[in-house]
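One letter stands for each residue in the lines below.
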Amino acid sequence: MASNVYNLFIINKSGGLIFYKDYGSLGRLDTNDSLRLASLWHSMHAISQQLSPTLGCYGIELLEADTFDLRCFQALTGTKFFVVAEPGTQGLDSLLKNVYGLYVDYVLKNPFYEVEMPIRCELFDLSLTQLIRKDKGVIGR
Amino acid sequence: MADAPKKGTLRAAYRRAADIKPRDARTWQVSLNAFAFLFSEMVQYNQTRVDNIAELEHRLEHAGYGVGLRMLELLCHREKKRSKASWNSLICPQHPMEIALWKDSLEKGTENEDEYMISEKELLVNRFISVPKDMGAFNCGAYVAGIVKGVLDGSGFPARVTAHFVPVEGQPRPRTTILIKFSEEVLQREARLS
């Protein structure tokens, strides 16, 4: 079954990549590329906040391109979750909210996790895989 | 009140907190998230004060021990109907405290006479915790083992209680077993009484 989601990034409030996962061979990045992309997105997100003509803008939420869609969710703490997927994919918004829920549960409540550090929590990985697998049937045109 | 504290002062906060009483002790509920964060902080607090994993487990067990002793009193208070006689009965599944805490009965270990086990799919304290690989077989269930130890010690059944992960076929997460090893004097006493 083709996956609509290409990859998922989580960046901390200073722009460092703390979690990266890719699904499928399309859009696979190696470590250096993913780190570079994450800090690039962090800067773009911050700049867009300043440039926006509308008041009360918190940054880019959706980027639509020919070959992909990028949706970003920023939590109140500054942690950003963004996902790159096939163009026209629905339900990315709720997917990001669910990932945020999983982050709060399995990462922040883990006493062995240092905040702002790369995420190495087995439970988070497990539940994320389950979430993506469950949404594969739901997300789509 | 003549000298009612002003709204928003610290005294006012203490007064309001004291007014909160559970309507029915049995339905008093605590937020799972609050407990999870508190427990996580407790583990982190102890982690900075120990040199090795065994000591961390010991500290968590010690923390649970105090809870177990106090919980024994609370359970006794609630279980007023039980007669005194049932407390002195055999260690077997009839131990009233175990039934109050766990609905599944104690299982008897196959290897030794003095070993009993409580098996759980996943302990509440471990629900959000992923132990890093370099910590080996460390289990935050040591806290729960401490609670059990407190309950048993307080009711006159001294034992060594430990929590272990037991991997299960086809399941990504292992089950947890709490192993209870009763001390010599308990077995001798039971042998004398039966």
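Residues numbered from 1 in each chain as written. Chains lettered and ligands numbered in written order. Predicted model: local features only at pLDDT ≥ 70, side-chain atom pairs only at ≥ 80, totals over all residues. Heavy atoms only, no water.

**So, the overall build of chain B**
- Along chain B, the regular secondary structure elements total six helices and four strands.
- Classification of the 194 residues of chain B by burial places 32% in the buried group.
- Summing over all exposed atoms, chain B offers an accessible surface of approximately 12,800 Å²; the carbon and sulfur share of this is 55%. (Helix = DSSP H or I, 4+ residues; strand = E, 2+ residues; numbered from the N terminus. Buried < 20%, exposed > 50% of the residue type's maximum accessible area, 1.4 Å probe, protein only. Areas by Shrake-Rupley, 256 points an atom, 1.4 Å probe, with all protein chains shown as cover.)

**Brief notes about the overall build of chain A**
- Scanning chain A for helices and strands turns up three helices and five strands.
- A compact globule built from 141 residues should have a C-alpha radius of gyration of about 14 Å, and chain A, at 15 Å, falls within 12% of that.
- Once the C-alpha set of chain A is aligned to its principal axes, its extents read approximately 40 × 40 × 30 Å.
- Evaluated residue by residue, chain A yields a buried proportion of 45% over its 141 residues.
- Contacts in chain A between residues at least 24 apart in sequence constitute 48% of all its contacts with a sequence separation of at least 6.
- A total of about 7,800 Å² of accessible surface is found on chain A, and carbon and sulfur atoms cover 55% of it.
- The average position of the 13 basic charges and that of the 15 acidic charges among the side chains of chain A differ by 3 Å. (Rg over C-alpha atoms; globule rule 2.2 N^0.38 Å. Contact = heavy atoms within 4.5 Å. Lys, Arg positive; Asp, Glu negative; His and termini not counted. Charge placed at Lys NZ, Arg CZ, Asp CG, Glu CD.)

**Examining the interface of chain A and chain B**
- Counting residues at the interface gives 11 residues for chain A and 20 residues for chain B.
- With both sides pooled, the region where chain A packs onto chain B buries about 1,400 Å², and carbon together with sulfur makes up 64% of that total.
- Together, Lys109(A), Pro111(A) and Phe112(A) form the three largest contributors to the area buried by chain A at its contact with chain B, with a combined 52%.
- Here chain A and chain B share zero salt bridges between them.
- Here chain A is connected to chain B by three residue pairs in polar contact (both at pLDDT 80 or more).
- Of all elements in the fold, only α2 (92–107) and α3 (122–136) of chain A reach the threshold of two or more residues within the side of chain A that touches chain B.
- Tallying contributions element by element places α3(A) first for the side of chain A that touches chain B, with three residues.
- Among the residues making up the side of chain A that touches chain B, the classes are represented as seven nonpolar, one polar and three charged. (Buried area = accessible area lost by both parts, 1.4 Å probe. Salt bridge = Lys/Arg side-chain N within 4 Å of Asp/Glu carboxyl O. Polar contact = N/O pair within 3.5 Å; in protein donor to acceptor, adjacent residues only side chain to side chain. Nonpolar A, V, L, I, M, F, W, Y, C, P; charged D, E, K, R; others polar.)

**What to know about the confidence of the model for chain B**
Residue and element names in this part refer to chain B.
- Taken residue by residue, chain B gives an average pLDDT of 75. The fraction at 70 or more is 67%.
- Per-element averaging of pLDDT across chain B places helix α4 (residues 96–101) at the bottom with 49 and helix α2 (residues 32–47) at the top with 90.
- Below a pLDDT of 50 lies the segment residues 84–94, which in the model reaches 20 contacts outside its immediate sequence neighbourhood of four places, other chains included. (pLDDT = per-residue confidence, 0-100.)

**Focus on α3(A)**
- Given a rise of 1.5 Å per residue, 15 residues ought to cover 21 Å, and the 21 Å separating the end C-alpha atoms of α3(A) matches this to within 8%.
- Buried residues along α3(A) sit against β1 (5–11), β2 (17–22) and α2 of chain A. (Expected span 1.5 Å × (residues − 1).)

**A short note on the sheet that holds strand β4 (residues 69–74) of chain A**
Residues and elements named next belong to chain A.
- Read across the sheet, five strands follow the order β2-β1-β5-β4-β3 without closing on themselves; strand pairing throughout is antiparallel. The sheet is open, and its two edges are formed by β2 and β3 (62–64), each paired on a single side. Between one strand axis and the next, the sheet turns by 10° as a mean value, whatever way the strands run.
- Pairing between β3 and β4: three bridges, direction antiparallel. Looking at the pairing, Leu 63 lines up with Leu 70 of β4. (Pairing = 2+ DSSP bridges. Axes fitted to C-alpha atoms, helices over the stretch in contact; angles between N-to-C directions.)

**A short note on α2(B)**
Residue and element names in this part refer to chain B.
- With 16 residues, α2 extends 22 Å from end C-alpha to end C-alpha; this agrees with the ideal 22 Å at 1.5 Å per step.
- Turning to α2, its buried residues number three or more, namely Ala 36, Phe 39, Ser 40, Val 43 and Asn 46. For α2, the angular spread of the buried residues around the axis is 130°, confining them to a single face. (Arc of directions from axis to C-beta.)

**A word on unusual backbone geometry**
- In this structure, Glu116(A) takes a positive phi of about 75° despite not being glycine.
- Relative to the elements of secondary structure, Glu116(A) occurs in the loop between α2 and α3.

**Structural notes on the layout of surface pockets**
- Roughly 360 Å³ of internal volume is contained in the second largest pocket.
- Residues of the lining of the second largest pocket, tallied by class, amount to six nonpolar, three polar and five charged. (1 Å grid on protein atoms, 1.4 Å probe; cavity = no way out; pocket = protein on both sides within 12 Å on 5 of 7 lines; lining within 4 Å. Points joined across faces, edges and corners; volume = space filled by probe spheres on them.)

**Here's the deal with the packing of aromatic side chains**
- Here the structure, examined in full by the defined rule, presents 13 aromatic pairs over all chains.
- Note on Phe81(A) and Tyr100(A): the rings are 5.3 Å apart at their centroids and 65° apart in plane angle, and the pair reads as edge-to-face. Of this pair, Phe81(A) sits in strand β5 (residues 80–85) while Tyr100(A) sits in helix α2, and the two are 19 residues apart along the sequence.
- Residue class for Phe81(A) comes out buried when judged on its relative accessible area of 0%.
- Through a chain of ring-to-ring contacts, the aromatic side chains of Phe9(A), Tyr20(A), Trp41(A) and Phe82(A) assemble into a single cluster.
- Stacked on the ring of Tyr45(B), the Lys or Arg Arg49(B) has its end atom at 3.8 Å from the ring centre.
- Between the NZ or CZ atom of Arg189(B) and the centre of the ring of Phe157(B), over which it lies, the distance is 5.0 Å. (Phe/Tyr/Trp six-rings, centres within 6.5 Å; stacked < 30°, edge-to-face > 60°. Lys NZ or Arg CZ within 6 Å of the ring centre and 35° of its normal.)

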